[in-house]
Amino acid sequence: MTATIANPAFRPNAPGRLVRLSFERTRFELQTFFRTPEQVFFTFLLPVLFVLIFSTIFSGAIDGPPGAEPVQFAQYFVPGMIATGVVSATFASLAMTVAMEQHEGLLRRLSGTPLPRSAYFAGKVGLALVTSFLDVVLILAIR
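Cut-offs used in this document
- Residues numbered from 1 in each chain as written.
- Predicted model: local features only at pLDDT ≥ 70, side-chain atom pairs only at ≥ 80, totals over all residues.
- Heavy atoms only, no water.
- Helix = DSSP H or I, 4+ residues; strand = E, 2+ residues; numbered from the N terminus.
- Rg over C-alpha atoms; globule rule 2.2 N^0.38 Å.
- Buried < 20%, exposed > 50% of the residue type's maximum accessible area, 1.4 Å probe, protein only.
- Areas by Shrake-Rupley, 256 points an atom, 1.4 Å probe, with all protein chains shown as cover.
- Lys, Arg positive; Asp, Glu negative; His and termini not counted.
- Charge placed at Lys NZ, Arg CZ, Asp CG, Glu CD.
- Expected span 1.5 Å × (residues − 1).
- Contact = heavy atoms within 4.5 Å.
- Salt bridge = Lys/Arg side-chain N within 4 Å of Asp/Glu carboxyl O.
- Core = buried A, V, L, I, M, F, W, Y, C linked by side-chain atoms within 4.5 Å.
- Patch = residues over 30% accessible without salt bridge, like charges linked within 9 Å, V, L, I, M, F, W, Y side chains within 5 Å.
- Phe/Tyr/Trp six-rings, centres within 6.5 Å; stacked < 30°, edge-to-face > 60°.

### Quick notes on the overall build of the protein
And step 1. Looking only at helices and strands, the protein features five helices and two strands.
And step 2. By the compact-globule yardstick of 15 Å for 143 residues, the protein is too spread out, its C-alpha radius of gyration being 22 Å.
And step 3. Over its C-alpha atoms, taken along the principal directions, the protein stretches across nearly 90 × 35 × 25 Å.
And step 4. Looking at the 143 residues of the protein, the share that counts as buried comes to 29%.
And step 5. With an accessible surface of roughly 9,900 Å², the protein has 69% of that area assigned to carbon and sulfur atoms.
And step 6. In the protein, 11 positive and 8 negative side-chain charges are present, and the distance between their average locations comes to 18 Å.

### So, helix α1 (residues 15-34)
And step 1. For α1, built from 20 residues, the straight-helix expectation of 28 Å at 1.5 Å per residue is met to within 8% by its first-to-last C-alpha distance of 29 Å.
And step 2. Buried residues belonging to α1 abut α2 (37-57), α3 (73-103), α4 (106-111) and α5 (117-142).

### Section: the pattern of salt bridges
And step 1. With the rule as written, the count across this model stands at four salt bridges.
And step 2. Ionic pairing is found between K124 and E101, a salt bridge with its closest N-O pair at 3.0 Å. A residue pair is termed long-range when its members are at least 10 positions apart, and K124 in helix α5 and E101 in helix α3 qualify at 23 residues.
And step 3. Taking the relative accessible area as the measure of exposure, E101 reaches 10% and is therefore buried.
And step 4. Overlapping salt bridges, with partners in common, bring together R25, E29, E101 and K124 in one network.

### Things to note about the nonpolar core
And step 1. The biggest cluster of nonpolar side chains holds eight residues, and these are V48, V51, F73, F77, V78, M81, I82 and I139.
And step 2. Put simply, the parts of the chain that give this core at least two residues each are α2 and α3.
And step 3. Per-element tally for this core: the top contributor is α3, with five residues.
And step 4. Apart from the residues lying within four places of it in its own chain, the contact partners of F73 are F54, F58, G60 and I62.
And step 5. Counting residues in hydrophobic clusters, the runner-up holds five residues, among them L30, V40, F44 and L127.

### Quick look at the environment of V136
And step 1. Looking at where V136 falls in the secondary structure, it is placed in helix α5.
And step 2. Using a relative accessible area of 23% as the deciding quantity, one classes V136 as partly exposed.
And step 3. Through-space distance from the C-alpha of V136 to that of V48 is 9.9 Å; in sequence the pair is 88 residues apart.

### Some remarks on a nonpolar patch on the surface
And step 1. Residues F41, F42, L45, L49, L52, I53, I57 and F58 make up a contiguous nonpolar surface patch of roughly 710 Å² in combined accessible area.
And step 2. Classification of I57 by relative accessible area gives exposed; the value is 54%.

### A word on the packing of aromatic side chains
And step 1. Across all of its chains, the model carries 11 aromatic pairs by this definition.
And step 2. Both rings, one in F54 and one in F77, keep their centres 5.1 Å apart while their planes meet at 75 degrees; by these two values the pair is edge-to-face. Note that F54 is positioned in helix α2 and F77 in helix α3, a separation of 23 residues in sequence.
And step 3. Aromatic side chains F73 and Y76 sit 6.2 Å apart centroid to centroid with 45 degrees between the ring planes, which places their arrangement in the tilted category. Of this pair, F73 and Y76 both sit in helix α3, three residues apart, which is roughly one turn of the helix.
And step 4. Note on F73: relative accessible area 15%, which makes it buried.

Coordinates in, geometry out; function isn't part of it.
See below:
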């Protein structure tokens, strides 16, 4: 008598599979991002250039509320550039790439693959998290 081993049914939305596919999609999104010079420039270098230019042009201190110490202009300007960089890395880049992929027909082609939609969007969110983190670190490093 031979024993048969029952294979577990394939579960396309198993948590482990979704996590693995999400990480792979994030890796792919990062490769695609860093191969596009325009996106890299506007996400990382433009905020850094703004910080360098404006902190060179505007020196001195900004008066705060009465009784508070004056704030150096670089200290005043850097949080705004960090916010601009994070918004650029997340909202603008994310909206632009999804719209381009839809226009080029990539989303239609992806829908014919076994990649779940949640893994696709998790890859986009992973890209936004990594690029915004790198942007913040870069701006704080040059400050």
